[in-house]
There are 2 protein chains.
Amino acid sequence: MATPSSQIVPPLKDELDIVIPTIRNLDFLEMWRPFFEPYHLIIVQDGDPSRTVRVPDGFDYELYNRNDVNNILGPKASCISFKDSACRCFGFLVSKKKYIYTIDDDCFVAKDPSGKEINALSQHIRNLLTPSTPLFFNTLYDPYREGADFVRGYPFSFREGVPTAISHGLWLNIPDYDAPTQLVKPLERNTRYVDAVLTIPKGTLFPMCGMNLGFNRELIGPAMYFGLMGDGQPIGRYDDMWAGWCCKVICDHLGLGVKTGLPYIWHSKASNPFVNLKKEYKGIYWQEELIPFFQSVVLPKECTTVQKCYLELSKLVNEKLAHVDPYFQKLADAMVTWIDAWDELNPTQEAQSTTNVKSIKEPSSNLK
Amino acid sequence: MATPSSQIVPPLKDELDIVIPTIRNLDFLEMWRPFFEPYHLIIVQDGDPSRTVRVPDGFDYELYNRNDVNNILGPKASCISFKDSACRCFGFLVSKKKYIYTIDDDCFVAKDPSGKEINALSQHIRNLLTPSTPLFFNTLYDPYREGADFVRGYPFSFREGVPTAISHGLWLNIPDYDAPTQLVKPLERNTRYVDAVLTIPKGTLFPMCGMNLGFNRELIGPAMYFGLMGDGQPIGRYDDMWAGWCCKVICDHLGLGVKTGLPYIWHSKASNPFVNLKKEYKGIYWQEELIPFFQSVVLPKECTTVQKCYLELSKLVNEKLAHVDPYFQKLADAMVTWIDAWDELNPTQEAQSTTNVKSIKEPSSNLK
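All of these numbers come straight from a predicted model, not from anything done at the bench.

Scoring rules and cut-offs
Residues numbered from 1 in each chain as written. Chains lettered and ligands numbered in written order. Predicted model: local features only at pLDDT ≥ 70, side-chain atom pairs only at ≥ 80, totals over all residues. Heavy atoms only, no water. Least-squares fit on C-alpha atoms with pLDDT ≥ 70 in both. Contact = heavy atoms within 4.5 Å. Helix = DSSP H or I, 4+ residues; strand = E, 2+ residues; numbered from the N terminus. Patch = residues over 30% accessible without salt bridge, like charges linked within 9 Å, V, L, I, M, F, W, Y side chains within 5 Å. Areas by Shrake-Rupley, 256 points an atom, 1.4 Å probe, with all protein chains shown as cover. Salt bridge = Lys/Arg side-chain N within 4 Å of Asp/Glu carboxyl O. Buried < 20%, exposed > 50% of the residue type's maximum accessible area, 1.4 Å probe, protein only. Core = buried A, V, L, I, M, F, W, Y, C linked by side-chain atoms within 4.5 Å. Buried area = accessible area lost by both parts, 1.4 Å probe. Polar contact = N/O pair within 3.5 Å; in protein donor to acceptor, adjacent residues only side chain to side chain. Expected span 1.5 Å × (residues − 1). Pairing = 2+ DSSP bridges. Right-handed = clockwise from strand over helix to strand, strands pointing away.

Trainee: How should I be thinking about the relation of the copies chain B and chain A in this particular structure?
Mentor: A rotation about some axis, followed by a shift along it, carries one copy of the chain onto the other. Note on the copies: chain B fits chain A at an RMSD of 0.0 Å, the axial shift is 0.0 Å, and the rotation between them is 180 degrees. On the angle and the small slide along the axis, the relation comes out as a two-fold axis. Within chain B, the C-alpha atom positioned nearest to the axis of rotation is that of B:Val194, 2.8 Å from it. Here 100% of the contact residues of chain B are again contact residues in chain A; the copies associate through an equivalent surface.

In structure tokens:
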């Protein structure tokens, strides 16, 4: 009789890329080695392209610096931020995989209350491979989890759920606070391990943090644009927020789910609150108009793909937010450029068979 | 120098009633003695009024049986269910306090992961005395809790929150499942302690369980009607669900908050799934029409009080749900009767000063 192999194949090994934006050597990967080594990494090097970023031995990766971004995208490179972790979305663009996990290079492996190291990636995969329940709240949280289910009074017709597009993970130690809160509570640490994953209900916006984030690139990829931030732009630190608002509105429209909660990573280092304040202050008052805007967005039913939704959203941004600041006209244009770039680098099956697509990926370095 | 008194006054001691529906001796109170003894209890005895319900010594309580309900409400007693825990709402009606905590008599004190006994009542009070955040999701859960705050990207104008009307607590051990799930998973137990309280976002419905529930009677009391269930009615076990759907729609309209999560109680005893199935089966298919109904309810802006909202809702139930079953016409009428009874027993300050209100509370027994 055949015995089953004891070798465990890492889940989604050939269907998931790990995207890391960085300006430094990636020594933090040592800690993640047991969990990340089987996967392919896409490293987006921010800032000075002449600097060399060291990647620990044994990882399978491709690395892109600003020169690569410019070479690959040509004039469309203008939609990719410079000197800001928003550049990570370039990695989403060039990936050819179905799933993405993205993590910041100051995030380490956290431990659960029993002291066990948390495999964040495997929890994100679990979140992404099980449905979401945005239409009705389940008071015992994720009903698909071992030991849980839908509670009394949960409509049976909703129990199949909807496909999950996004898995938003959390952070122990340094919480993801804005500059004013950092300044007021410099010593606050997140020590509470909340053992739950939950779906953010339909119609509700949330602050999406890009530090520890998984998503289904096929379902929502074209909306995972991190905007224009950093060098030459009037704001920073709103890249992931922008992506989160756009994605949530589009997920709600297309019937896709967004989960938040587990897994935790260990966020090691608080960024400088004074520097952050300078980056954020415009966002802090702009968002008072942005949130009502996103809360009131209604996408027409003709918008049946993420691309169509995103282009419609860019039109609405141009129409309804230009009065807030001319920046939003520039951003609306960049949203269109992003979709152009996405479609160029990710031609549909149909387009691929009729067009002679040239090879566009020429990374600086690829160990594989 | 004066030293502060070491005596701790129980919070809201004179502003909160504990309401318990029961058909048996209340020995379960022994376990709750350290937490409940300072408070006043309202016991609603269900079923045969000639039975004597024993209450452990030392508790301050009033007890109402069916004869009392009939004497106090006269013909309006028809809105109070018989042979069903839905009769608990009679206790909400006769209370004169600002806050209510209601608990089932098969619920015991649970322990937190450190082994400490959980004072469920004090956690409900904390939930009710801090604001809710229904307009935007906070990924670190309750932002008013020690060690937590609003995360980056949370609009500052939303950070004051809204008044909390309802605190929905959870259950360890026996989960609150419907009959089909009980039948399929007879051995499933809830062992997961999720250390979180969160606001159910505006526009999202949830299955409210009456087992372990706190609320602000002044803010939402008149909507806490548990409907027509049990003896002579075609369904049971939808009493708390009905109240929850009505309350949530009204809270959303009036800008009030609903929280769920902590505290846990220990739910000791699973009810009989076969009996439950008989009570529930109509509700299970009716709710497929009820939920879309409640999801689409829009209350006119003239509805500025809970009473006005509730009467409007009763009209909509009559108009839009009568086709589901004639029961909903009866229920709509009972909703109106309930509001009449509420207003009679709870005259406003204004009404009190102009009307000669007779004493209407004549409980069977009152130890005080």
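Trainee: Would you explain unusual backbone geometry in this entry?
Mentor: Most of the time, phi is negative for any residue but glycine, and the peptide bond is trans. Residue and element names in this part refer to chain A. With an omega of 5 degrees, the peptide bond between Leu-262 and Pro-263 qualifies as cis. Position of Pro-263 relative to the elements: it lies in strand E9 (residues 257–267). For Leu-12, which is not glycine, the phi torsion reads 55 degrees and is therefore positive. Position of Leu-12 relative to the elements: it lies in the segment before strand E1 (16–22).

Trainee: What is the right way to read a nonpolar patch on the surface from this model?
Mentor: Residue and element names in this part refer to chain A. Side chains of Leu-183, Val-184, Phe-274, Leu-277, Tyr-281 and Tyr-285 sit close together on the surface and give an oily, nonpolar patch of about 630 Å² of accessible area. If you list the elements that add at least two residues to the nonpolar patch, you get helix H5 (179–184) and helix H8 (273–296). The biggest single contributor to the nonpolar patch is H8, with four residues. Structurally, the position occupied by Phe-274 is in helix H8. The exposure class assigned to Phe-274 is exposed, which follows from its relative accessible area of 60%.

Trainee: Explanation requested: the nonpolar core in the structure shown.
Mentor: Most often, soluble globular proteins have nonpolar side chains that are buried together. With 249 residues, the main nonpolar core has A:Ile166, A:Trp242, B:Ile166 and B:Trp242 as its most contacted residues. Excluding anything up to four places from it in sequence, B:Trp242 contacts B:Tyr225, B:Leu290, B:Phe294, B:Tyr310, B:Val317, B:Leu321, B:Phe328, B:Leu331 and B:Met335.

Trainee: When you look at the interface of chain B and chain A in this model, what are you seeing that I'm missing?
Mentor: Frequently, the measure chosen for interface size is the accessible area removed from exposure when the parts meet. Taken together, the contact between chain B and chain A spans 60 residues of the former and 60 residues of the latter. Between chain B and chain A, roughly 5,100 Å² of surface is buried when both sides are summed, and carbon and sulfur atoms account for 57% of that area. Counting across the chain B and chain A interface gives 10 salt bridges. The salt bridge partner of B:Arg152 is A:Asp176, with a shortest N-O separation of 2.8 Å. Our count for the contact surface shared by chain B and chain A stands at 24 residue pairs in polar contact (both at pLDDT 80 or more).

Trainee: Help me understand the pattern of salt bridges, please; the structure alone is not making it clear to me.
Mentor: Pairing of side chains with opposite charge becomes possible as their charged atoms draw close. Considering all chains together, one arrives at 36 salt bridges over all chains under this definition. For A:Arg192, the salt bridge goes to B:Asp195, with nearest N and O atoms at 3.5 Å. Placement of the pair is A:Arg192 in the loop between H5 and strand E7 (197–199) and B:Asp195 in the loop between helix H5 (179–184) and strand E7 (197–199), with the two residues belonging to separate chains. A relative accessible area of 18% means that A:Arg192 is categorised as buried. Since its relative accessible area comes to 19%, B:Asp195 is described here as buried. Taking the shortest distance from any N to any O, the salt bridge between B:Asp105 and B:Arg24 comes out at 3.0 Å.

Trainee: When you look at helix H7 (residues 239–254) of chain B in this model, what are you seeing that I'm missing?
Mentor: Along an α-helix, a turn takes 3.6 residues, which lines up residues three or four apart on a common side. All names here are of chain B. The end-to-end C-alpha distance of H7, which contains 16 residues, comes to 22 Å, matching closely the 22 Å that a straight helix rising 1.5 Å per residue would cover. The buried fraction of H7 amounts to 14 of the 16 residues, a majority that puts the element mostly inside the structure. Phi turns positive, to about 75 degrees, at Gly-255, one or two residues after H7.

Trainee: Which parts of the structure should I look at to understand the pairing of strand E2 (residues 40–45) of chain B?
Mentor: Along a regular strand, successive side chains alternate from one face of the sheet to the other. All names here are of chain B. Counting buried residues in E2 gives six out of six residues, a clear majority hidden from the surface. Both faces of E2 are covered, namely the face carrying His-40, Ile-42 and Val-44 and the face carrying Leu-41, Ile-43 and Gln-45. Taken together, the six bridges between strand E1 (residues 16–22) and E2 define a ladder with parallel strand orientation. Paired with Asp-17 across the two strands is His-40, which belongs to E2. Remark: the E1/helix H1 (residues 29–36)/E2 crossover connection has right-handed handedness. Looking at chain direction, E2 and strand E3 (residues 60–64) are connected through five bridges and run parallel. Across the sheet, Val-44 pairs through a bridge with Tyr-64, a residue of E3.

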